[in-house]
Amino acid sequence: MVTIKPKKGDLLIAEPAIIGDVSFNRSIVLLADHTEDGSIGFILNKPLEYTVQDLIPELEATFKVYNGGPVEQDNLYFIHKVPDLIPNSIEISLGIFWGGDFSKVAELIKNESLQETDIRFFLGYSGWDKSQLENELKASSWVVTENVYKKEIIEKDYESFWKEKMLEFGGEYSIWSNAPENPSYN
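Draft legend 1. Main features of the overall build of the protein chain. When you go through the protein chain residue by residue, the secondary structure sums to five helices and 10 strands. For the protein chain, the C-alpha radius of gyration of 17 Å lies close to 16 Å, the compact-globule estimate for 186 residues. Its C-alpha atoms put the protein chain at 50 × 40 × 25 Å along the principal axes. Taking contacts inside the protein chain between residues at least 6 apart in sequence as the whole, the part at least 24 apart equals 62%. Carbon and sulfur atoms make up 49% of the accessible area of the protein chain, which totals about 9,500 Å². Averaging the coordinates of the 17 positive side-chain charges in the protein chain and doing the same for the 31 negative ones gives two points 5 Å apart.

Written as structure tokens, this is what we have:
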């Protein structure tokens, strides 16, 4: 499959060949930043067993928390689509924003002005040094695609997302869509 050169806001779809990598097996990563110095992204389809309230008890909300990646897993990050409500956000692209004033996020959650469809929380992030991502792309570890979902990516069903992308790619990718996540289950 021909892959495009990655840019901020694109999606990285894990190739089926990344089977042994616990963090990235069947992952879909939103690139929050991509420069010649490196890349940062968040895994969109790996929910954890936590809610925001499990991590921050004073926030009475059951918003899911996702595994954003293997870097800094003791820090909570978030992307959202409501920059008018969350000051100091950084636009990723297509109406998706990263970070911002967390005290404002907490206030919005408390007064129920923020819905789970507006924001996604992550423990950790995915990071690549200067040429690391390009080397992984050359090794066919990822397929780069445009984020056709735009800001609605935050609402995307995580359970079927990777399988959906494999079927969309077609050809030999379709076969992988029904394979078990752990090949030893076969």
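Draft legend 2. Representation of the pairing of strand S6 (residues 71-80) in the model. Two strands pair when backbone bridges link them, and S6 and strand S9 (residues 119-128) are joined in this way by six bridges, in the antiparallel orientation. Within S9, the residue paired with phenylalanine 78 across the bridge is phenylalanine 121. Two strands pair when backbone bridges link them, and S6 and strand S8 (residues 96-98) are joined in this way by two bridges, in the antiparallel orientation. Across the sheet, residue histidine 80 finds its bridge partner in S8, namely phenylalanine 97.

Draft legend 3. The arrangement of the packing of aromatic side chains in detail. Tallied over the entire structure, the rule returns 14 aromatic pairs. Measuring from ring centre to ring centre gives 4.9 Å for phenylalanine 42 and phenylalanine 122, while their planes differ by 25°; the resulting arrangement is stacked. With a gap of 80 residues between them, phenylalanine 42 in strand S3 (residues 38-43) and phenylalanine 122 in strand S9 connect regions that are remote in the sequence. Judged by its relative accessible area of 0%, phenylalanine 122 falls in the buried class.

Draft legend 4. Spatial organisation of the side chain of arginine 120. Within the fold, arginine 120 resides in strand S9. Put simply, arginine 120 is tucked away with no salt bridge, and the nearest opposite charge, on glutamate 116, sits 7.2 Å away. For arginine 120, the side chain forms a polar contact with the main-chain oxygen of isoleucine 154, separated by 2.7 Å. Not counting residues within four places of it along the chain, the set of residues in contact with arginine 120 comprises Leu44, Tyr66, Tyr77, Phe78, Ile79, Ile153, Ile154, Glu155 and Lys156.

Draft legend 5. Broad picture of helix H2 (residues 102-110). Turning to H2, its buried residues are Val105, Ala106, Leu108 and Ile109. Across the axial projection of H2, the buried residues extend over an arc of 165°, all falling on one side. For H2, the elements touching its buried residues are S6 and S9. Looking one or two places after H2, you find glutamate 112, whose phi comes out positive at around 60°.

Draft legend 6. Highlighting the pairing of strand S10 (residues 142-145). Going residue by residue along S10, you find Trp142 and Val144 tucked away on one face and Val143 and Thr145 tucked away on the opposite face as well. Alignment of strand S1 (residues 11-14) against S10, held across four bridges, turns out to be antiparallel. The residue bridging leucine 12 from the neighbouring strand is valine 144, located in S10.

Cut-offs used in this document
Residues numbered from 1 in each chain as written. Predicted model: local features only at pLDDT ≥ 70, side-chain atom pairs only at ≥ 80, totals over all residues. Heavy atoms only, no water. Helix = DSSP H or I, 4+ residues; strand = E, 2+ residues; numbered from the N terminus. Rg over C-alpha atoms; globule rule 2.2 N^0.38 Å. Contact = heavy atoms within 4.5 Å. Areas by Shrake-Rupley, 256 points an atom, 1.4 Å probe, with all protein chains shown as cover. Lys, Arg positive; Asp, Glu negative; His and termini not counted. Charge placed at Lys NZ, Arg CZ, Asp CG, Glu CD. Pairing = 2+ DSSP bridges. Phe/Tyr/Trp six-rings, centres within 6.5 Å; stacked < 30°, edge-to-face > 60°. Buried < 20%, exposed > 50% of the residue type's maximum accessible area, 1.4 Å probe, protein only. Salt bridge = Lys/Arg side-chain N within 4 Å of Asp/Glu carboxyl O. Polar contact = N/O pair within 3.5 Å; in protein donor to acceptor, adjacent residues only side chain to side chain. Arc of directions from axis to C-beta.

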